[in-house]
Amino acid sequence: MTPRSLRDGLLAAALALISVAGHAQNAAKPEPLKSGLEFTGPEVRELQRDDFANPGMLWITRGERLWQEPAGAAGKSCAGCHGEAKTSMQGVAARYPQFDAARARLINIEGRIRQCRESRQQAEPFKYESAELLGLTAYVGQQSRGMPVNVPIDAQTRRHFEAGRDLYYRRMGQMNLSCAQCHQDNWGKKLGPETISQGHSVAYPIYRLEWQTMGSLHRRFRSCQSGVRAELLPQGSPEFLDLELYLAWREGGLPIETPGVRR
Amino acid sequence: MTARIQVPASARRGEVIEIRIAIQHPMETGFRLDDSGRAAPKNVVNALVCRYNGVEVFRAEMGSGVAANPFLSFFTVADASGELVFDWVDDQGQTGSERAALTVTG
């Protein structure tokens, strides 16, 4: 099949799958909560479980080395300020995204790393999807492996939570589908060759076999947007950060699995 | 090019041991189109050699059929403490090298 006819096939499959239903703007969590890993095949599960064969570990090795390397005008390494990642970064990814009070906006792990790179090391911040940023993000994420996501919504983040929820339920693209129509109302069902999962973010960044490389959560958001033929938002955009916060609330309690593997 | 090697921390003399290596490499087939629609030039790790205390114990030649970030494993016999050294090269002439120590007892 050409990519075009494949996409048209998916479109037809999606339209057949999703019955038109009115939606209350209530934030809802899937029950029971299930990791995306449960919707993949045994080979993918095995690959994620094997700490050597998991290709994401190559990026983590890169991140681990970068952690030690002095950089920028400050000539400091991440370790120079944070010490051993195993202790200083333990549990950090489980409580992100957070409110960055100094800049009055949400910030995720990638954002923190870019910020430390720029203002603390005085070096060029790493680009989104670069091997460096993915490697460090995955390395920081790995230090929370097995720990439950716990991002409470408070007075400072409520506005972002609500914006994220609204976006989650908003229909978009030529296919006119919302995130919730697939991941809240139809998880477990087939969409072309894939099984729709509950759409959690606990395994990110992931190694995706289709990409043949590692990718960020925002890249995954973009591939879902492109799947419904919607306009793609940029990585690191405020809208994606709002969505990330909504997902963190929705998947609260699920353990972090970084680095995940997906098909 | 980041790589990871897995070697048992120690082994008994005469024991058959598994050695594994993973290399971060896009393994461009030469058929894929890049973002601007041009064919990305073929670039794969085409040769990889492993020497155990200077003696070649494993060699792989690879082509376009191998997926990105190749993962290889092979068996060898532990005969003396020392070092395993991997060297590889891709079509663009970029080389990589990685080593691991092995302790042999008995």
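Model, not experiment: these values are computed from the prediction.

S.K.: I'd love a proper account of the environment of Q94(B), names of residues and values included.
M.R.: Residue and element names in this part refer to chain B. Within the secondary structure layout, Q94 lies in the loop between β7 (82-90) and β8 (95-105). Using a relative accessible area of 44% as the deciding quantity, one classes Q94 as partly exposed. For the pair Q94 and N43, spaced 51 residues apart in sequence, the C-alpha to C-alpha distance is 10.0 Å. Here Q94 is in contact with M1, W88 and V89, once residues within four sequence places are set aside.

S.K.: A description of helix α8 (residues 158-169) of chain A should follow, citing residues and the corresponding values.
M.R.: Residues spaced three or four apart along an α-helix face the same direction, because each turn holds 3.6 residues. All names here are of chain A. Across its twelve residues, α8 extends 17 Å between first and last C-alpha, which sits within 8% of the 16 Å expected from 1.5 Å per residue. Of the residues making up α8, those classed as buried are H160, F161, G164, R165, L167, Y168 and Y169. If you follow the buried residues of α8, they end up packed against β1 (98-100), β2 (105-107), α9 (179-183) and α11 (238-250).

S.K.: Quick one: what's the story with the pattern of salt bridges, residue by residue and with numbers?
M.R.: Residues and elements named next belong to chain A. All chains considered together, the criterion is met by 18 salt bridges over all chains. Taking the shortest distance from any N to any O, the salt bridge between E132 and R62 comes out at 3.1 Å. With E132 in helix α7 (residues 131-142) and R62 in helix α3 (residues 56-68), the pair connects residues that are 70 residues apart, well separated along the chain. When its relative accessible area of 23% is taken as the criterion, E132 is described as partly exposed. Given the relative accessible area of 25%, R62 is considered partly exposed.

S.K.: Please give an account of the layout of surface pockets that cites residues and values.
M.R.: Residues and elements named next belong to chain A. Looking at the second largest pocket, its volume works out to about 460 Å³. Around the second largest pocket, the lining comprises 24 residues; the ones closest to its centre are W67, H82, R112, I113 and C116. When contributions to the lining of the second largest pocket are tallied by element, the ones reaching two or more residues are α3, α4 (78-82), α6 (109-120) and α7. With six residues, the top contributor of residues to the lining of the second largest pocket is α6. Residue classes in the lining of the second largest pocket are distributed as 15 nonpolar, three polar and six charged.

S.K.: Quick one: what's the story with the pairing of strand β5 (residues 55-61) of chain B, residue by residue and with numbers?
M.R.: Summarising the sheet, strand β4 (residues 45-52) of chain B and β5(B) pair through six bridges and their orientation is antiparallel. Residue Y52(B) lies in a different strand from β5(B), and its bridge partner there is V55(B).

S.K.: Tell me about the sheet that holds strand β5 (residues 206-208) of chain A, and please be specific about residues and values.
M.R.: All names here are of chain A. The mixed open sheet is built from three strands, whose spatial order is β6-β5-β7. The sheet is open, and its two borders are formed by β6 (213-215) and β7 (260-262), each paired with just one other strand. Taken over all neighbouring pairs, the strand axes of this sheet differ in orientation by 35° on average, direction set aside. Alignment of β5 against β6, held across three bridges, turns out to be antiparallel. By the bridge assignment, R208 is partnered in β6 with T213.

S.K.: Lay out the environment of G215(A) in plain terms, naming residues and giving numbers.
M.R.: All names here are of chain A. Structurally, G215 can be placed in strand β6. Here the alpha-carbon distance between G215 and L232, two residues 17 residues apart in the chain, equals 16 Å. Sequence-distant contacts of G215, that is, excluding residues within four places in its chain, are made with E129, L134, Y204, P205 and I206.

S.K.: So what about empty space enclosed by the protein? Which residues, and what values?
M.R.: Residue and element names in this part refer to chain A. Tallying each qualifying case throughout the model produces one cavity of 30 Å³ or more. In this structure, the largest cavity spans a volume of roughly 300 Å³. Surrounding the largest cavity, 21 residues form its lining, A93, I109, S201, Y204 and E244 being those nearest its centre. Listed by contribution, the elements that provide at least two residues to the lining of the largest cavity are α6, α7, α10 (217-227) and α11. If you tally residues by element for the lining of the largest cavity, the top one is α7, at three residues. When the residues that make up the lining of the largest cavity are grouped by side-chain class, the tally is twelve nonpolar, six polar and three charged.

S.K.: Go over the nonpolar core with me, naming the residues and quoting the values.
M.R.: Residue and element names in this part refer to chain A. Core analysis: the largest hydrophobic core is formed by 32 residues, its most contacted members being V149, Y168, M172, F221, V228, L243 and L245. For this core, the elements supplying multiple residues, two or more each, are α8, α9, α10 and α11. Those residues in contact with V149 that lie beyond four places of it in its chain are A94, V202, A248, E251, G252, G253, L254 and I256. The next biggest cluster of nonpolar side chains, apart from the first, holds 28 residues, and it includes M57, W67, I113 and A138.

The rules behind the values
- For every chain, the first residue of the written sequence is number 1, and numbering continues from 1 along that sequence.
- Labels are handed out in written order, letters beginning with A for the chains and numbers beginning with 1 for the ligands.
- It should be noted that, the model being predicted, local features are given only for residues of pLDDT at least 70 and side-chain atom pairs only at 80 or more, the latter also being counted only at that level, while totals for whole chains, interfaces and linings use all residues.
- Side-chain numbers come from the whole structure's heavy atoms, not from hydrogens or water.
- Strands are runs of DSSP state E lasting at least two residues, helices are runs of H or I lasting at least four, and both sets are numbered from the N terminus onward.
- Accessibility here uses a 1.4 Å probe with only protein chains present; expressed as a share of the type maximum, an area under 20% marks a residue as buried, one over 50% as exposed, and anything in between as partly exposed.
- Contacts are residue-level and defined by heavy atoms, with any inter-residue pair within 4.5 Å sufficient.
- One less than the residue count of a helix, multiplied by 1.5 Å, gives the span that helix is expected to have.
- The term salt bridge refers to a pairing of a side-chain nitrogen on Lys or Arg with a carboxyl oxygen on Asp or Glu at a separation within 4 Å.
- Site definitions follow a grid-based scheme: protein atoms alone, a 1 Å grid, a 1.4 Å probe that fits but cannot get out for cavities, and for pockets an open set with protein on both sides within 12 Å along at least five of seven lines, plus lining residues having an atom within 4 Å of a point.
- Grid points are joined across faces, edges and corners, and a volume is the space filled by probe spheres set on the points.
- Here the nonpolar group is Ala, Val, Leu, Ile, Met, Phe, Trp, Tyr, Cys and Pro; Asp, Glu, Lys and Arg are the charged ones; every other residue, Gly included, is treated as polar.
- Pairing between strands is defined by DSSP: at least two bridges between them are needed.
- Only the stretch in contact is used when a helix axis is fitted, and all axes are lines through C-alpha atoms; the angle between N-to-C directions ranges over 0 to 180 degrees.
- Definition of nonpolar core: a set of buried residues of the types Ala, Val, Leu, Ile, Met, Phe, Trp, Tyr and Cys, connected through side-chain atoms within 4.5 Å.

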